Amino acid sequence: MHKGQPLPFSTPQSVTTSSSRLLAIGRRTYDLSERTLVMGIINATPDSFSDGGLFHSRQAAVARGLEMVDEGADIIDIGGESTRPGADAISADEELERVIPVIEQLTRLTDVPVSIDTSKAVVADEAIKAGAAMINDVTGLRGDAGMAVLAARHDVPVVIMHIKGTPRDMQHAPRYDSLIKEICTWLRESVELALAAGVRQKSIILDPGIGFGKTLEHNLEILARLGEIRALGYPLLVGPSRKSFIGTLTGGLPPDQRVEGTAAAVTACILNGADIVRVHDVRAMVRVARVADAIRRVRGEE
Ligand code: HH2
């Protein structure tokens, strides 16, 4: 098995060495000290800011998932509820109807792990039963009191993302006295909540939540100071892909024309310590990640 390929779990290669940082997701174990993982985004929604409506049909979502696998995705993240600023919440039934058939079909066709992007425990539960192997919760386990226990019960990795407010109100003039300190304190509290519920330490991944209750300046400060968040000691996931701060910085380009801006942000993420990047443009960002990883390696950092 050559470098860069996922290691099958429980083979001799997957034994932890002092320099490896292993993350087991479903049937795969990734060594985060080797390279940055690329998580491909599928929004099975009619209204997502970046690709709304494109993958609303089951067939289109599954086809895009398989395409992302070919393009080199390490994880496929499937969400059924848009979290764009001002988005309306939807019912659990509607969310389940959107995501479960896609997860069932996709996990039958690939062993690249699927993550469920939801803040509802009942959706995460059904998604895992349908084949998902990871939970991505944009409320950092605070949106649903049952989420932490559910993650512990299924013993799956969980992404704890920072958000200030709710998707409905998060962009109404967000203010921080000390941005990075407040994010770190908030994430630490969610980690405590997870551990108290029985989530294993090695299953926790942190995310500063680009665009979730943050201004343009906040997003830039987070990207520049990611190392301070990574110092909390957990793998770091960052999701800058096609977000509005990139549109603003590039003269108001619409989401589908933000690929170069996303490439710059992904490079910054990797050079500043991201372990996983969550992106729409998988083929392009896998290439970006390989170059940024090579530069990071020269600096002698994992
Ligand atoms: N961003 C979005 C959704 N989920 N999860 C994590 N962990 N980190 C993120 O930055 C993140 C996320 C928003 O982007 P997108 O999924 O493209 O849009 P929408 O929420 O409108 O579906």
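Just above, that's the structure.
Residues numbered from 1 in each chain as written. Predicted model: local features only at pLDDT ≥ 70, side-chain atom pairs only at ≥ 80, totals over all residues. Heavy atoms only, no water.

Asker: Quick question: what am I supposed to make of the overall build of the protein chain here?
Answerer: Assigned secondary structure in the protein chain consists of 10 helices and 11 strands. A compact globule built from 302 residues would reach a C-alpha radius of gyration of about 19 Å, and the protein chain, at 18 Å, matches this within 12%. Expressed along its principal axes, the backbone C-alpha trace of the protein chain runs to roughly 50 × 40 × 40 Å. Scored against the burial criterion, the 302 residues of the protein chain give a buried share of 55%. Contacts in the protein chain between residues far apart in sequence, at least 24 positions, make up 67% of those at least 6 positions apart. In the form shown here, the protein chain has an accessible surface area of approximately 12700 Å², with 52% of it arising from carbon and sulfur atoms. (Helix = DSSP H or I, 4+ residues; strand = E, 2+ residues; numbered from the N terminus. Rg over C-alpha atoms; globule rule 2.2 N^0.38 Å. Buried < 20%, exposed > 50% of the residue type's maximum accessible area, 1.4 Å probe, protein only. Contact = heavy atoms within 4.5 Å. Areas by Shrake-Rupley, 256 points an atom, 1.4 Å probe, with all protein chains shown as cover.)

Asker: Would you mind going over the site of the ligand with me for this structure?
Answerer: Around the ligand sit 20 residues, and of these Ser48, Thr83, Asn136, Asp207 and Lys243 come closest. Side-chain polar atom of Lys243 to an oxygen atom of the ligand: 2.7 Å apart, as the coordinates give it. At 2.9 Å from an oxygen atom of the ligand is found a side-chain nitrogen or oxygen belonging to Arg278. Elements that contribute at least two residues to the shell around the ligand include exactly strand S4 (37–43) and strand S8 (158–161). Each residue belonging to the shell around the ligand can be placed in one class, and the counts come to seven nonpolar, eight polar and five charged. (Near = heavy atom within 4 Å. Polar contact = N/O pair within 3.5 Å; in protein donor to acceptor, adjacent residues only side chain to side chain. Nonpolar A, V, L, I, M, F, W, Y, C, P; charged D, E, K, R; others polar.)

Asker: Which parts of the structure should I look at to understand the pairing of strand S2 (residues 22–25)?
Answerer: On a regular strand, each side chain points to the face opposite its neighbour's, so the side chains alternate between the two faces of the sheet. Here S2 shows a clear split, with Leu23 and Ile25 buried on one side and none of Leu22 and Ala24 buried on the other. Summarising the sheet, S2 and strand S3 (residues 28–31) pair through four bridges and their orientation is antiparallel. Of the residues in S3, the one forming a bridge with Leu23 is Tyr30. Counting the residues in the hairpin turn of S2 and S3 gives two residues, including Gly26, whose phi is positive at 55 degrees. (Pairing = 2+ DSSP bridges.)

Asker: Can you walk me through the sheet that holds strand S11 (residues 276–279) in this structure?
Answerer: Hydrogen bonding along the main chain pairs the strands of a sheet, whether they run parallel or antiparallel. Spatial strand order, S9-S8-S7-S6-S5-S4-S11-S10: eight strands in an open sheet with parallel pairing. Bordering the open sheet on either side are strand S9 (204–207) and strand S10 (237–238), each of which pairs with just one other strand. Relative to strand S6 (residues 114–117), strand S5 (residues 75–79) runs parallel, the two being bridged by four bridges. What sits directly across from Asp77, in S6, is Ser115.

Asker: What's the story with the packing of aromatic side chains in this structure? I'm lost.
Answerer: To describe a pair of aromatic rings, one takes the distance between the centres and the angle between the planes. Tallied over the full model, the rule gives zero aromatic pairs. Positioned above the aromatic ring of Trp186, the side-chain terminus of Arg142 is 3.9 Å from the ring centre. One Lys or Arg, Lys164, reaches over the ring of Tyr176 and ends 4.5 Å from the middle of that ring. (Phe/Tyr/Trp six-rings, centres within 6.5 Å; stacked < 30°, edge-to-face > 60°. Lys NZ or Arg CZ within 6 Å of the ring centre and 35° of its normal.)

Asker: Would you take a moment to explain the packing of helix H5 (residues 179–197) against helix H6 (residues 216–224) for this structure?
Answerer: The packing of two helices is summarised by the inter-axis angle and the distance between the axes. With their axes 10 Å apart at the nearest point, H5 and H6 run at an angle of 70 degrees to one another. Taken together, the axis directions place H5 and H6 in an arrangement best described as roughly perpendicular. In this structure, H5 uses Leu179, Ile180 and Ile183 to contact H6, whose residues at the interface are His218, Glu221 and Ile222. (Axes fitted to C-alpha atoms, helices over the stretch in contact; angles between N-to-C directions. Parallel < 35°, antiparallel > 145°, perpendicular 65-115°, else oblique.)

Asker: Quick question: what am I supposed to make of the nonpolar core here?
Answerer: Note that soluble globular proteins tend to have their nonpolar side chains buried in a common cluster. One finds Ile76, Ile78, Ile103, Ile116 and Ile135 to be the most contacted residues of the largest nonpolar core, which totals 75 residues. Per-element accounting of this core gives the leading share, eight residues, to H5. If we skip the residues at most four places from it in the chain, Ile76 touches Gly40, Ile42, Gly65, Met68, Val69, Leu106, Val112, Pro113, Val114 and Ser115. (Core = buried A, V, L, I, M, F, W, Y, C linked by side-chain atoms within 4.5 Å.)

Asker: What should I look at first to understand helix H3 (residues 121–129) in this one?
Answerer: Helical geometry note: an α-helix holds 3.6 residues per turn, so side chains three or four residues apart project in the same direction. Every buried residue of H3 is listed here: Ala121, Val123, Ala124, Asp125, Ala127 and Ile128. Looking at the packing, one finds that the buried side of H3 touches helix H2 (92–109), S6, strand S7 (134–137) and helix H4 (147–154). Downstream of H3 by a residue or two, Gly131 has a phi angle that is positive, lying close to 130 degrees.

Asker: Would you explain the pattern of salt bridges in this entry?
Answerer: Once their charged atoms are close, side chains differing in charge can pair, the charge on each being opposite to the other. As enumerated under the stated definition, the model contains 22 salt bridges in all. Taking the shortest distance from any N to any O, the salt bridge between Arg28 and Asp111 comes out at 2.9 Å. Taken together, the residues span a long stretch of sequence, with Arg28 in strand S3 and Asp111 in the loop between H2 and S6 at a distance of 83 residues. Residue class for Arg28 comes out buried when judged on its relative accessible area of 16%. The shortest N-O distance in the salt bridge between Arg64 and Glu71 comes to 3.3 Å. (Salt bridge = Lys/Arg side-chain N within 4 Å of Asp/Glu carboxyl O.)

Asker: What is the right way to read the packing of H4 against H5 from this model?
Answerer: Running from amino to carboxyl end, H4 crosses H5 at an angle of 50 degrees, the nearest separation of the two axes being 8 Å. By the angle class used here, H4 and H5 are oblique. Crossing hand, H4 versus H5: right-handed. Residue-level inspection shows Ala148, Val149 and Ala152 of H4 in contact with H5, the latter providing Leu193, Ala194 and Ala197. In terms of residue class, the contact of H4 with H5 is built from six nonpolar, no polar and no charged. (Left-handed = near helix turned anticlockwise from the far one by under 90°.)

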